[in-house]
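The primary structure of each chain is shown beneath.
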Amino acid sequence: MSTRTDAPTRREQILKAAARLFAERGFHGVGVDEIGAAVGISGPGLYRHFAGKDAMLAELLVGISDRLLSGGRLRVEESAADPAALLASLIDGHIDFALDDRPLITLHDRELDRLRESDRKRVRQLQRQYAELWVTAVRRVHPEVPETEARAAVHAVFGLLNSTPHLGTGEDGADAAAARAATEELLRRLAHGAFASLARNGG
């Protein structure tokens, strides 16, 4: 699956800084001026891109749910003929998200209720659709497993993979890549092990 390599836009830079600061200090603990300073512009300058902090939070949480679903659908298209490869691809894609976007996981856990109702509903809708991609993939690999059990397993694996904000940050410098690779491999083994246990229990 191809990945974007373009330099981030100013809007994307603002969102990345906002996500990090919101995750570190809480939504109400961060001012517009601080977000602006993090990307080298004045606080009021942010209003050329966003109506305010609420709009940033909504775009962050709706945006990541939409990206996960879009990425999942692309993986389905690319690996539809090979159920095992598809499930492995979904796992790898979510691991990348969980390791690269830890602040967004923290934001979702802490700040989802701050979104207006329409945005919360949109997040939940996108998440349900994303989860159903996984349920379908799991049942193609393990057709003997009941749908309800497969769905429960998918959400359990999400909980496992989304635990990354509670893990150590890893090493700095030259050791960072090795630390990430080790964590990635651990998460991959645990996720595959969880789904393999379905077959043992369901068979």
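Just so it is clear, the model here is predicted, and its values are computed rather than measured. (Residues numbered from 1 in each chain as written. Predicted model: local features only at pLDDT ≥ 70, side-chain atom pairs only at ≥ 80, totals over all residues. Heavy atoms only, no water.)

Peer 1: How should I be thinking about the domain arrangement of the protein chain in this particular structure?
Peer 2: For an interface, size is often stated in terms of accessible area lost upon the parts coming together. Once the domains are mapped, the protein chain shows domain 1 (1–50) and domain 2 (53–197). For domain 1 versus domain 2, the distance between C-alpha centres works out to 23 Å. Across the contact, 17 residues belong to domain 1 and 18 residues belong to domain 2. Roughly 1600 Å² of surface becomes buried between domain 1 and domain 2 when both sides are summed, with 72% attributable to carbon and sulfur atoms. The interface formed by domain 1 and domain 2 includes one salt bridge. With a closest N to O distance of 2.6 Å, glutamate 59 and arginine 11 form a salt bridge. Viewed at the interface, domain 2 and domain 1 are joined by six residue pairs in polar contact (both at pLDDT 80 or more). By residue number, the principal contributor to the side of domain 1 that touches domain 2 is helix 1 (residues 10–25), which donates eight residues. In the side of domain 1 that touches domain 2, the residues fall into 13 nonpolar, two polar and two charged. (Domains from an automatic or database assignment. Contact = heavy atoms within 4.5 Å. Buried area = accessible area lost by both parts, 1.4 Å probe. Salt bridge = Lys/Arg side-chain N within 4 Å of Asp/Glu carboxyl O. Polar contact = N/O pair within 3.5 Å; in protein donor to acceptor, adjacent residues only side chain to side chain. Helix = DSSP H or I, 4+ residues; strand = E, 2+ residues; numbered from the N terminus. Nonpolar A, V, L, I, M, F, W, Y, C, P; charged D, E, K, R; others polar.)

Peer 1: Looking at this structure, how should I read the nonpolar core?
Peer 2: The nonpolar side chains of soluble globular proteins are, as a tendency, buried together. By size, the foremost hydrophobic cluster in this structure holds 57 residues, and its most contacted members are Phe22, Ile35, Met56, Trp134 and Phe195. Breaking this core down by element, the ones donating at least two residues are helix 1, helix 2 (32–39), helix 3 (53–79), helix 4 (83–100), helix 5 (102–111), helix 6 (117–141), helix 7 (147–161) and helix 8 (175–202). Each of domain 1 (1–50) and domain 2 (53–197) accounts for three or more of the residues forming this core. Those residues in contact with phenylalanine 22 that sit more than four places away from it in its chain are Phe27, Val30, Ile35, Lys53, Met56, Leu57, Leu60, Leu107 and Arg110. (Core = buried A, V, L, I, M, F, W, Y, C linked by side-chain atoms within 4.5 Å. Buried < 20%, exposed > 50% of the residue type's maximum accessible area, 1.4 Å probe, protein only.)

Peer 1: Sorry, what's going on with the pattern of salt bridges here?
Peer 2: For side chains bearing opposite charge, pairing can occur when the charged atoms are close. Under the definition given, this model contains 14 salt bridges. Two residues, arginine 20 and glutamate 24, come together in a salt bridge whose shortest N-O distance is 3.7 Å. Of this pair, arginine 20 and glutamate 24 both sit in helix 1, four residues apart, which is roughly one turn of the helix. On the accessibility criterion, arginine 20 (37% relative accessible area) is partly exposed. Judged by its relative accessible area of 52%, glutamate 24 falls in the exposed class. Here glutamate 111 ties to arginine 114 by a salt bridge, and the two come within 2.3 Å at their closest N and O atoms. Judged by relative accessible area, which is 43%, arginine 114 ranks as partly exposed. In the salt-bridge network here, residues are joined through shared partners; they are Asp92, Asp96, Asp100, Arg180, Glu184, Glu185 and Arg188.

Peer 1: Explain the confidence of the model for the protein chain here, please?
Peer 2: Regions with low pLDDT carry predicted coordinates that are not meant to be interpreted in detail. When pLDDT is averaged along the protein chain, the result is 90, and 91% of the positions lie at 70 or above. With pLDDT under 50 throughout, residues 1–5 is counted as low confidence; its partners more than four residues away or in other chains account for six contacts. (pLDDT = per-residue confidence, 0-100.)

Peer 1: Hey, could you run me through the layout of surface pockets in this one?
Peer 2: Empty space among the atoms becomes visible once a probe the size of a water molecule is rolled across them. Taken as a whole, the second largest pocket encloses approximately 400 Å³ of empty space. Breaking the lining of the second largest pocket down by element, the ones donating at least two residues are helix 3, helix 4, helix 5, helix 6 and helix 7. A class-by-class count of the residues in the lining of the second largest pocket yields nine nonpolar, six polar and three charged. (1 Å grid on protein atoms, 1.4 Å probe; cavity = no way out; pocket = protein on both sides within 12 Å on 5 of 7 lines; lining within 4 Å. Points joined across faces, edges and corners; volume = space filled by probe spheres on them.)

Peer 1: Help me understand the packing of aromatic side chains in this model?
Peer 2: Any aromatic ring pair is given by two values, namely how distant the centres are and how the planes are angled relative to each other. Inspection of every chain in the model, using the stated rule, returns five aromatic pairs. Look at tryptophan 134 and phenylalanine 195: their rings are 6.3 Å apart centre to centre, the planes differ by 45 degrees, and that puts the pair in the tilted class. Of this pair, tryptophan 134 sits in helix 6 while phenylalanine 195 sits in helix 8, and the two are 61 residues apart along the sequence. Residue classification places tryptophan 134 among the buried residues on the basis of a relative accessible area of 0%. An aromatic cluster is defined as three or more aromatic residues linked by ring pairs; in this entry it consists of Tyr130, Trp134, Phe158 and Phe195. (Phe/Tyr/Trp six-rings, centres within 6.5 Å; stacked < 30°, edge-to-face > 60°.)

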